[in-house]
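Below, each chain spelled out in residue letters.
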Amino acid sequence: MPEPVFRHRIVRALAGSTTAICLAAGGLVGWGMPSAAVVAAENPGEIGEVLAGRSSFTQRPRWEFGVGGGYFSGHDYPASDDPNSRAIALPFFIYRSPVLRIGGGGVRAVAIEEPKIRLDVSVGGSLNARSEDNGLREGLPDLDFLFELGPQLEVSLVDRPTGAGGRLELTFAGELRAVVATDFARNLYANGFVAEVGIDVARRRVFGSRVNLVAGLGIAFADERLQDYFYEVEPEYARPARAAYDARGGYLGTELSLGVVIRPSETLRVFLGVQSGLYAGAANEESPLFETTASTGAALGVAWTFARSARTIDIVEID
C-alpha cells in the first residue's frame, strides 16, 4: 500500500487539482466556513471588489460530477522495503456553497482563516496491507486501514504574482492528528498520534500555462502506539531472523516531494508526483521491521469532469 497519508505531502499538495484521485486514495468530504481567505459569493465578481490584490480567485461550478483514476506505487509502511502498488478508479461528486463544501479529498472545518493564517480540522487515511505478502512481517497481524483527524495550522510565508497570471506560494504547515485503525469488519481502535511540520512550495500557472509545480518538505513524529503498530515485535511473534523488539515514540522520518499538475482543459486534470522518504536516525531504526533508510514512491492520476452546473460561485483560496 502507499505509506499513510501523513507521509504523502505530495498527494495532499495535489489534492486541490485532483479531487477524484484523493477521494480514491481515502479522502472523504470537506466543508469550510467563508472568511477573508476562502469566500464563496453568489454574484460573480463580488469577491474581486472586496479582496482585489490579496489573493487569487476564480469562478467554479456549484456542483460537478465525474470520474477519476490513479496508480499509486509505494511501500507497506515508513522504512519498509517491500513495494506495494494500487490502481483505483472511482466516480466523484463536488458541491460548493458559501458555507458547505463536499469533495476536495478531505474533511475541513475552519476555525480561524485570515489572509496569512488558517487553523482548521482535517482528516486523512491510508490503505491496508497483508503481512503474508511481506517477508519481514510474515506471521504478524495485518496492517489495517488508518484514518486520521486533528488540527492543522497553515501560515502563508510568500504569496505573490509572477506575471502571465502565475503565482508563487510558500507555506508553513503544522499538523497534529489522532490515528484510528479499522479492518471494516470487527476491529476499530485508537492507534496513537502523529505530528508533522513542513514547508510547501507551489508555482501556479507556469509561464501562463495550465501547468502547476508543487514541492514539499515534511518532518514527522509519532507517539509510541503508532510506532508500535509499525515496528514492534512482541515475544510471541519473535523468530530466529526477527528478534523481539519494543518500539518507542519519537522521530518517524522526513519526506521530500515533487509534483506536476496539468489541466489540458476545464474538464480534465492530470497529475504526476514522486516522493522520497528519509528515515536515517528514526526512533526505531533498530527494529527488525525497519528495512531501509530511504525509499521512493510515485503517483499518477487523471480526473475527468463530465457534468457540471451552469450556475457558478466565486471561490477565493489562498492555497
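Details of the structure are given in the entry above.
Residues numbered from 1 in each chain as written. Predicted model: local features only at pLDDT ≥ 70, side-chain atom pairs only at ≥ 80, totals over all residues. Heavy atoms only, no water.

1. Notes on a nonpolar patch on the surface
Piece 1. A cluster of nonpolar side chains, contributed by Trp63, Phe65, Val67, Phe93, Trp304 and Phe306, occupies part of the molecular surface with about 550 Å² of accessible area.
Piece 2. Broken down by secondary-structure element, the contributors of at least two residues to the nonpolar patch are strand 3 (63-75) and strand 14 (294-308).
Piece 3. No other element matches strand 3, which puts three residues into the nonpolar patch.
Piece 4. Looking at the element boundaries, Val67 is found in strand 3. (Patch = residues over 30% accessible without salt bridge, like charges linked within 9 Å, V, L, I, M, F, W, Y side chains within 5 Å. Areas by Shrake-Rupley, 256 points an atom, 1.4 Å probe, with all protein chains shown as cover. Salt bridge = Lys/Arg side-chain N within 4 Å of Asp/Glu carboxyl O. Helix = DSSP H or I, 4+ residues; strand = E, 2+ residues; numbered from the N terminus.)

2. Some points on unusual backbone geometry
Piece 1. Non-glycine residue Ala164 carries a positive phi angle of around 55 degrees.
Piece 2. Despite not being glycine, Phe207 shows a phi value in the positive range, around 50 degrees.
Piece 3. Relative to the assigned elements, Phe207 resides in the loop between strand 10 (188-204) and strand 11 (211-222).
Piece 4. Taking the relative accessible area as the measure of exposure, Phe207 reaches 75% and is therefore exposed. (Buried < 20%, exposed > 50% of the residue type's maximum accessible area, 1.4 Å probe, protein only.)

3. Topic: the layout of surface pockets
Piece 1. Roughly 330 Å³ of internal volume is contained in the second largest pocket.
Piece 2. Lining of the second largest pocket is provided by 15 residues; of these, Pro141, Asp228, Tyr229, Glu232 and Glu234 occupy positions nearest its centre.
Piece 3. Those elements that place two or more of their residues in the lining of the second largest pocket are strand 10 and helix 4 (224-231).
Piece 4. Among the elements that make up the lining of the second largest pocket, the one with the highest residue count is helix 4 (three residues). (1 Å grid on protein atoms, 1.4 Å probe; cavity = no way out; pocket = protein on both sides within 12 Å on 5 of 7 lines; lining within 4 Å. Points joined across faces, edges and corners; volume = space filled by probe spheres on them.)

4. Thoughts on the packing of aromatic side chains
Piece 1. For the structure on display, the rule yields 10 aromatic pairs.
Piece 2. With a centroid separation of 6.0 Å and an interplanar angle of 65 degrees, the aromatic rings of Phe230 and Tyr231 are classed as edge-to-face.
Piece 3. Judged by relative accessible area, Tyr231 falls into the buried class, the value being 2%.
Piece 4. Members of the aromatic cluster, each reached through a chain of ring pairs, are Tyr77, Tyr229, Phe230, Tyr231 and Phe290. (Phe/Tyr/Trp six-rings, centres within 6.5 Å; stacked < 30°, edge-to-face > 60°.)

5. Focus: the nonpolar core
Piece 1. Tyr77, Leu146, Leu226, Phe230, Tyr231 and Phe290 are the most contacted members of the largest nonpolar core, which totals 24 residues.
Piece 2. For this core, the elements supplying multiple residues, two or more each, are strand 9 (166-182), strand 11, helix 4 and strand 12 (250-265).
Piece 3. Of the residues forming this core, the biggest block, four residues, is contributed by helix 4. (Core = buried A, V, L, I, M, F, W, Y, C linked by side-chain atoms within 4.5 Å.)

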